[in-house]
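Notes for the structure review
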Amino acid sequence: MDEYTKKSPPVVLIEPNSRQKSRHLAKIMLKGEVKFNQREIKRRIKKIRRYSQENMNVLSHKFSRNVSQYKDAHIVFANDATEAVDYINHVVQDIKVVAVGKSSTVDELLPVLEKGCYRLIDSYSSQFILPDGIQKRINYPWQFQSTFNRSAWDTFEYSRSTDQKDLSGHGLKDIVALLGVNAASADDGSLFLLQHSNNIGTMLRQARKLVFVVGLEKIVENSSDALFQTKCAGAFGMESILLDLKVGDTDKEKRVIDPLSEVPEVAASSQELHIVLLDNGRTNIAVGDYKELLQCIACGACSKQCPGYRYLKEFSRYPKDYLWSFLIGYNPSIELCSNCVMCEVECPVDINLSKLIAKARAEYATGITHFWRTRLISNVGRFALIGSLIPSLFNWFSRRKMFRLLVERVAGIDRRRKVPAFNRETFEQWFRSRHV
Amino acid sequence: MNNGFGHAMYDSQKKKVVYYPGCFANYWDPLVGRSVVSVLEKNGLDVIVPRHQCCGLSRIGCGDIKGARKDADRLIDILFPLVKKGYDIVTACPSCSLAIKKEYPFFVNNEKSKLVAESTYFLSRYLNELYEKGEIKMDFKRIPLTSVAYHAPCHLKAQNLETDSIKLMALIPGLQIININRGCCGMAGAAGVKHEYYESSMIIGSALFKKIKEINAQIVATDCGACKLQIEQAAAVEVIHPITILDKAWRNYN
């Protein structure tokens, strides 16, 4: 039990190994030589994820038991966002600034967090300046090819580990850092974080109090699995980071300065380390139809080819998050998904996201427009059968403005949409007549 | 049991295929269906077409899983006996192929659906495979077209089939194929039809339409009916199914 003579669990930061990280990122995107056995990597990450989904309860117990053996680490279990924020408020006390990393787990707390009387700082969007070469290519994310087959895997290295020694640093600031973790190891309580530039490293170094939010599903068996999982999130999610920047481009005010550098230093002797184990509906999801979602490694690969990505950004970080936030209850609708299935193609752990969204839609969708729409659009087969019986009449109707307006009002089919004309003879009729 | 294909002749020498047209080809674009039958028969395959039944994918998209399961069950009941008799199922509609191969095993998930999914092929892949095995010959003639721009529908990419139609069309002498490669057209099945998504559907597809205008394509080929509608409306070019081009090349229009 040598581990536990230390005062706090190890915090491991995984990042691209380059001094000029954003430039390096661009280089990898455009060229690179190393090839990897993607299939082998996918097999291992899928195994890890399935195990941690199936044993979520056991792993989370083990994790909290092990963490509580560290003298200086505080761990608390939160049933929902309100409980988690209550604890965070208790930690924050009189500190005025809470810095938040880019994390979908922390996002779950945001609606409640925003009510607090402190300044929330997005430490993520402020840190990137995009090289020109990449700026243009972001418009066509599907052209990135897979960076994975180039050298993304190689790029993410095991970079820094803070133990007790690092926690008592100089230059601490009056900041609470609120960070989501990419993976946590049940074995020794170590926490793994991924960063692409330097915001998390800065927060880890400078914040007087560190609060790690651990989603229950992020806990894996041991630290080697946790390291692997974090690397996967980095490598598979490469392109989506760039997409993220592109979308983030629109709200300029977030990107002007790095607000953390404005906060003055304080004379504090050591950092505090808090861990919030967040349930927030996870145990319910684990026993239901959507338990597959718990296998997600939060890499964001599903956003890479998502046609509606820029629209669902409003509610969530990436397509999986879109469904997740709907199930948890802070996103009002999942109507934006078009079921094009590209997310399933990209997903490294093969989550049937498009099908799960369809399922959720079937379960929760209501309303009169939905009723008629299901009968018109979804019932293409029967609708077309009727149309083809009297094609000329139907085609005449579909050209009338009033009729189109009526259909728009009743069934929500846009009046500007050109409806294809029916033929006098269906293919089936032609085929049968040919053989008489 | 009569599935409405009583004319089928059982010739043990001939390879037997079921052509499943899907709603779009059946009701709105029968020309595609005719071309498919003509191409398959020219290659000496025995083609039958069962009674038409919607595959139910649009229902899945609208969130009507119950109805989709009913549709799926009906279609599987039609196709399963044919698979048992040794027929391969071929469809030229990317969405129907996706439904049968990927969605049925998830939503229906029984032995029948799995067997049907395994014996269903997307037309271009099927022809490519037969060609590689040397079972069909692709002696195309020149056609008046010199170049065609190809748009790969999302539902083909989802099945890893996005290059098959290009490969097929590349066999036509003197025809240059431009892969547009600008992502989704925005229609996304039935989503772009809905009132609240009309505008966003046009924005999503804007990169594609811009590229089509840029390369000044004579004609755009795509496998998907929904993509066809969207591109025809937004980019104002003629859009046809690759199989129609192949059929023309066979008939020697010169």
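Residues numbered from 1 in each chain as written. Chains lettered and ligands numbered in written order. Predicted model: local features only at pLDDT ≥ 70, side-chain atom pairs only at ≥ 80, totals over all residues.

**Describing the overall build of chain B**
What counts here: Note on conventions: DSSP H or I runs of at least 4 residues are helices, E runs of at least 2 residues are strands, and numbering of each starts at the N terminus. Field definition: a residue is buried when 20 or more other C-beta atoms are found within 10 Å of its C-beta, exposed when 12 or fewer are, and partly exposed for counts in between, with C-beta atoms placed from the backbone.
Within chain B, the secondary structure is distributed over 13 helices and eight strands. Taking the principal axes of its C-alpha atoms as reference, chain B extends roughly 55 × 45 × 25 Å. Within chain B, buried positions represent 57% of all 254 residues.

**Points about the overall build of chain A**
Our working rule: For every residue pair, C-beta atoms are placed from the backbone, and the pair is scored as a contact if these atoms sit within 7 Å.
Helices and strands together make up the secondary structure of chain A, namely 22 helices and eleven strands. Looking at chain A as a whole, 45% of its 436 residues qualify as buried. Intrachain contacts of chain A at a sequence separation of at least 6 include 83% that bridge at least 24 residues.

**Re the pairing of strand 1 (residues 15–19) of chain B**
Along any regular strand, the residues point their side chains to alternate faces of the sheet. All names here are of chain B. The criterion, for reference: The pairing criterion for strands is at least two bridges between them, as found by DSSP.
Alignment of strand 1 against strand 2 (residues 45–48), held across four bridges, turns out to be parallel. Note that in strand 2 the partner of Val-18 across the bridge is Ile-48. The pairing of strand 1 with strand 3 (residues 88–91) spans three bridges and is parallel. Looking at strand 3, one finds that Tyr-19 is bridged to Val-90.

**Here's the deal with the nonpolar core**
Stated formally: By convention in this section, buried Ala, Val, Leu, Ile, Met, Phe, Trp, Tyr and Cys residues joined through C-beta atoms within 7 Å make up a nonpolar core.
In this structure, Ala177(A), Leu178(A) and Val213(A) are the most contacted members of the largest nonpolar core, which totals 183 residues. Sort the elements by how many residues they give to this core and helix 4 (residues 65–84) of chain B lands first, with eight residues. The contact partners of Ala177(A), leaving out residues within four places of it in the chain, are Ala99(A), Met203(A), Leu204(A), Ala207(A), Leu210(A) and Val211(A).

**Examining the interface of chain A and chain B**
Basically, it comes down to this: Only Asp, Glu, Lys and Arg are considered charged in this grouping, and only Ala, Val, Leu, Ile, Met, Phe, Trp, Tyr, Cys and Pro are considered nonpolar; every other residue, Gly among them, is considered polar.
Listed as interface residues are 48 residues of chain A and, on the opposing side, 49 residues of chain B. At the level of elements, helix 16 (342–346), helix 17 (353–364), helix 18 (368–376), helix 19 (380–389) and helix 22 (427–434) of chain A are the ones that each hand at least two residues to the side of chain A that touches chain B. Considered class by class, the residues forming the side of chain A that touches chain B number 20 nonpolar, 16 polar and twelve charged.

**A short note on the environment of Ala235(B)**
By secondary structure assignment, the location of Ala235(B) is in helix 12 (residues 225–235). Here Ala235(B) is in contact with Phe209(B), Ile212(B) and Lys213(B), once residues within four sequence places are set aside.

**Points about the domain arrangement of chain B**
All names here are of chain B. Short version of the rule: Marked domain ranges trace back to an automatic or database domain assignment.
Looking at chain B, the domain boundaries give domain 1 (15–131) and domain 2 (147–251). Here the C-alpha centroids of domain 1 and domain 2 sit 21 Å apart. Residue-level contacts link 27 residues of domain 1 with 23 residues of domain 2. Contributions of two or more residues to the side of domain 1 that touches domain 2 are made by helix 1 (22–28), helix 2 (30–42), helix 3 (57–62), helix 5 (94–107) and helix 7 (123–132). A per-element tally of the side of domain 1 that touches domain 2 places helix 2 first, with seven residues. Its residues assigned to classes, the side of domain 1 that touches domain 2 comprises 14 nonpolar, eight polar and five charged.

**Thoughts on the confidence of the model for chain B**
Residue and element names in this part refer to chain B. For clarity, the cut-off: pLDDT measures how confident the predictor is about each residue, on a scale from 0 to 100.
The predicted model of chain B has a mean per-residue pLDDT of 86, with 92% of residues at 70 or higher. When pLDDT is averaged over each element of chain B, strand 4 (residues 120–122) comes out on top at 95 and helix 3 at the bottom at 82. This model gives residues 1–12 a pLDDT under 50, and the stretch forms 13 contacts once residues within four places in sequence are excluded. Scoring the predicted complex yields pTM 0.82 and, for the interface, ipTM 0.84.

**Focus on the confidence of the model for chain A**
Residue and element names in this part refer to chain A. Confidence along chain A averages 77 in pLDDT terms, with 71% of residues attaining 70 or more. Looking at the elements of chain A, mean pLDDT is at its lowest for helix 9 (residues 164–167), recorded as 46, and at its highest for strand 10 (residues 219–220), recorded as 95. Taken together, the stretch residues 145–151 has pLDDT below 50 and engages in 20 contacts with residues farther than four places along the chain or on a different chain. In this model, residues 247–257 is a region of pLDDT below 50 whose contacts with residues beyond four sequence positions or in other chains number ten contacts.

**Things to note about the sheet that holds strand 3 (residues 97–100) of chain A**
Residue and element names in this part refer to chain A. Using the following cut-off: Geometry is summarised by axes, namely lines fitted to C-alpha atoms with helices restricted to the contacting stretch, and by angles between N-to-C directions that run from 0 to 180 degrees.
The six strands are arranged 2-11-9-6-3-4 in an open sheet whose pairing can be described as parallel. Lying at the two open borders of the sheet, with one neighbouring strand each, are strand 2 (73–78) and strand 4 (119–122). Pairs of neighbouring strands in the sheet enclose a mean axial angle of 20°, with direction left out of account. In terms of strand pairing, strand 9 (residues 207–215) meets strand 11 (residues 272–278) through seven bridges, oriented parallel. The partner of Gly-215 across the bridge, within strand 11, is Leu-278.

**Remarks on the pairing of strand 5 (residues 147–150) of chain B**
All names here are of chain B. Of the pairings in the sheet, the one linking strand 5 to strand 6 (residues 176–179) comprises four bridges and is parallel in character. Paired with Ser-147 across the bridge in strand 6 is Gln-176. Here strand 5 runs beside strand 7 (residues 220–221); their pairing, made up of two bridges, is parallel. Of the residues in strand 7, the one forming a bridge with Tyr-150 is Ala-221.

**Digging into helix 7 of chain B**
Residues of helix 7 of chain B that are buried include every one of Leu123(B), Ser124(B), Arg125(B), Tyr126(B), Leu127(B) and Asn128(B), and no others. The positive-phi residue at the C-terminal boundary of helix 7 of chain B is Gly134(B), with phi of around 80°.

**Quick look at the environment of Ile95(A)**
Residue and element names in this part refer to chain A. With respect to the helices and strands, the residue Ile-95 is situated in the loop between helix 4 (81–92) and strand 3. In sequence terms Ile-95 and Asp-107 are twelve residues apart; their C-alpha atoms lie 21 Å from each other. Ile-95 has contacts with Tyr-118, Asp-174, Ile-175, Val-176, Arg-208 and Lys-209, leaving out every residue within four places of it along the chain.

**Description of the sheet that holds strand 8 (residues 239–240) of chain B**
Overall, parallel pairing links the four strands, which are arranged 6-5-7-8 (chain B) in an open sheet. Across the chains shown, the open sheet's two edge strands, defined by having one partner strand only, are strand 6 and strand 8 of chain B.

**Digging into helix 5 of chain B**
All names here are of chain B. Under the convention used in this document: For a helix, the expected span equals 1.5 Å multiplied by the number of residues minus one. Bend at a residue means the angle formed by two fitted axes: the first through the 7 residues ending at that position, the second through the 7 residues beginning there.
The end-to-end C-alpha distance of helix 5, which contains 14 residues, comes to 18 Å, matching closely the 20 Å that a straight helix rising 1.5 Å per residue would cover. Its maximal kink placed at Ile-100, helix 5 deviates by approximately 35°. Counting buried positions along helix 5 gives eleven out of 14 residues, so the element sits mostly inside the fold. Of the residues making up helix 5, those classed as buried are Pro-94, Ser-95, Cys-96, Ser-97, Leu-98, Ala-99, Ile-100, Lys-101, Lys-102, Glu-103 and Tyr-104. Positive phi shows up at Asn-109, right after helix 5, with a value of about 50°.

**Quick word on unusual backbone geometry**
Residues and elements named next belong to chain B. Although it is not a glycine, Asn-216 adopts a positive phi angle of roughly 50°. Here Asn-216 lies in the loop between helix 11 (206–215) and strand 7. Classification of Asn-216 as exposed rests on a count of 9 C-beta atoms within 10 Å. One non-glycine residue with positive phi stands out, namely Ala-236, at about 50°. Relative to the helices and strands, Ala-236 resides in the loop between helix 12 and strand 8. What makes Ala-236 exposed here is the crowd of 10 C-beta atoms within 10 Å.

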